[in-house]
Structure formats: structure tokens, C-alpha cells
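Understanding the architecture of this molecule
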Amino acid sequence: DQQVKQNSPSLSVQEGRISILNCDYTNSMFDYFLWYKKYPAEGPTFLISISSIKDKNEDGRFTVFLNKSAKHLSLHIVPSQPGDSAVYFCAAILSNYQLIWGAGTKLIIKP
Amino acid sequence: GAGVSQSPSNKVTEKGKDVELRCDPISGHTALYWYRQRLGQGLEFLIYFQGNSAPDKSGLPSDRFSAERTGESVSTLTIQRTQQEDSAVYLCASSLNFILAKNIQYFGAGTRLSVL
């Protein structure tokens, strides 16, 4: 049973426009969420996180929104740049040390 | 080096052979994690170390999998009698300590294991 779901395997966005990546979760005990970015042949790198006591966290071009009632979070990238092309993973913390990961969404930024 | 280093980067083995994967974490990081990523799937937690001890081994898929860490540094993940379903990318990460809400995990590039 997938506790963290990223239902879009891929997303294509024009350079300069907004990219919106979505993530749904089923476990209401999750209280901390993270987004990671992964380039081919590299390990994931941390991008941004959000605690369940907040509904928004912003870092430069990246903003994460959390809707607890809907068990949904989204990552907004604006404006999208070619270097943003990568696989984006949503993850939730289960206990202190364990992350539950979504399957990832491949973002393609078109010039 | 400054980052997490994993070796080998690629490993092709025959079914039934044993393999050993190595991870060098960032110096000073007390927590170390092993994950497995199958094609088209998210990362699957295998095991973590706090120092040299592994408080939670419940993610290991079977008793063919084992891991150890020495000197609060290098860790090895061993898979005995490999099976084709073990084919995956094995990722290692480290963090200052295991409280993930307060500590970022830094990942290595992974070892791609192919079992023929």
C-alpha cells in the first residue's frame, strides 16, 4: 500500500512558466514532508520541506503548499528553468528516521 | 571527499553470487541510511545506523541482506545468494544525526546492481 503517491509520472512545462508537482498521502500521522530533486546518475538532493503546522513554505523560486485536510501537498517552481529538469520526489517522515517516498515525477522544461 | 561516496557505481553479477556494496558517508555524520530503488519506484528504506548500531533492521527484504558499519564511518551492505529481484539501485545517505526533521540527508550516487 503506497502511503505517498505521486500520480503523474511526468510533466512537461514551458521555460518561464510555473511547474506544479503534486503529492498525496494517506497516513494522517505524517507531520513533516520533504521534496528532493534527482538528476540522472546522481543521488537525490534536498530541495525544500514543510512541517504540518504550516501550510506554506517558500525558498526562492520554490514554494511548497500543504493541505492537511485533503492530505495533499504541491511543489511550485516559478519561473521554471531548463536546469529544473529532473525527477522530483515527495517524501514524508515516519518516526524520526524513516522517510516514506513517492515514486517521483519527471519534470521536463521545454525551451 | 566532501560528499557521500558509494562503490562500485555499477555491479553485474550472476544469480546466486554474493555482493558487497560500500558507502563512505560525510565525515562527522553519525546517521547512515541504505535505500533501494527499483525501476519506476520510489526509494525503499532498508536500514539505518546511528553510530555503529542499527536500531531498526525491519526494512531489510530478507535474511540474505545484511549491513554493518564500523568506526562510525564506512558501511557495507551485503546481499547473499543474489536473486534477479535484487536488481535495483542501492542508495546510501548520511546525516548529522537521525532526527530527519532537523537534519538533511545527503545521498551518494548509488550502486546499480544487475543480477543476471
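Criteria and thresholds
Residues numbered from 1 in each chain as written. Chains lettered and ligands numbered in written order. Predicted model: local features only at pLDDT ≥ 70, side-chain atom pairs only at ≥ 80, totals over all residues. Heavy atoms only, no water. Pairing = 2+ DSSP bridges. Helix = DSSP H or I, 4+ residues; strand = E, 2+ residues; numbered from the N terminus. Axes fitted to C-alpha atoms, helices over the stretch in contact; angles between N-to-C directions. Core = buried A, V, L, I, M, F, W, Y, C linked by side-chain atoms within 4.5 Å. Buried < 20%, exposed > 50% of the residue type's maximum accessible area, 1.4 Å probe, protein only. Contact = heavy atoms within 4.5 Å. Phe/Tyr/Trp six-rings, centres within 6.5 Å; stacked < 30°, edge-to-face > 60°. Buried area = accessible area lost by both parts, 1.4 Å probe. Salt bridge = Lys/Arg side-chain N within 4 Å of Asp/Glu carboxyl O. Polar contact = N/O pair within 3.5 Å; in protein donor to acceptor, adjacent residues only side chain to side chain.

Examining the sheet that holds strand E8 (residues 75-79) of chain B
Residue and element names in this part refer to chain B. One open sheet holds the 4 strands; their spatial order is E1-E3-E8-E7, and the pairing between them is antiparallel. At either end of the open sheet lies a strand with only one pairing partner, and these are strand E1 (5-7) and strand E7 (65-69). Here the average twist between neighbouring strands, direction ignored, is 15°.

Considering the nonpolar core
Residue and element names in this part refer to chain A. Core analysis: the largest hydrophobic core is formed by 24 residues, its most contacted members being Phe-33, Trp-35, Leu-73, Leu-75 and Tyr-88. Among the elements of the structure, strand E3 (19-25), strand E4 (32-38), strand E5 (45-51), strand E7 (62-67), strand E8 (72-77), strand E9 (86-94) and strand E11 (105-110) are those that each provide at least two residues to this core. Among the elements that make up this core, the one with the highest residue count is E9 (4 residues). Not counting residues within four places of it along the chain, the set of residues in contact with Leu-73 comprises Leu-21, Asn-22, Cys-23, Tyr-25, Phe-33, Trp-35, Val-64, Phe-65, Leu-66 and Cys-90.

Observations regarding the packing of aromatic side chains
Residue and element names in this part refer to chain B. This model, assessed by the stated rule, comprises 15 aromatic pairs over all chains. Judged by centre distance (6.0 Å) and plane angle (20°), the rings of Tyr-33 and Tyr-48 are stacked. Remark: Tyr-48 occurs in strand E5 (residues 43-50) and Tyr-33 occurs in strand E4 (residues 31-37); sequence separation between them is 15 residues. Overall, the relative accessible area of 0% leaves Tyr-33 in the buried class. Using a relative accessible area of 4% as the deciding quantity, one classes Tyr-48 as buried. When the ring of Tyr-35 is compared with that of Phe-107, the centres are 5.6 Å apart and the planes differ by 40°; the resulting orientation is tilted. Pair noted here: Tyr-35 is in strand E4 and Phe-107 is in strand E10 (residues 106-107), with a separation of 72 residues, a long-range link. The exposure class of Tyr-35 is buried, given its relative accessible area of 0%. Its relative accessible area of 10% is what places Phe-107 among the buried residues.

What to know about the interface of chain A and chain B
Each partner contributes to the interface: chain A provides 17 residues, whereas chain B provides 20 residues. Of the roughly 1,500 Å² buried where chain A meets chain B, counting both sides, 65% is carbon and sulfur surface. The largest share of the area that chain A buries against chain B comes from Asn96(A), Tyr97(A) and Trp101(A), three residues that together contribute 38% of it. Connecting chain A to chain B are 0 salt bridges. At the boundary of chain A with chain B, the tally comes to 2 residue pairs in polar contact (both at pLDDT 80 or more).

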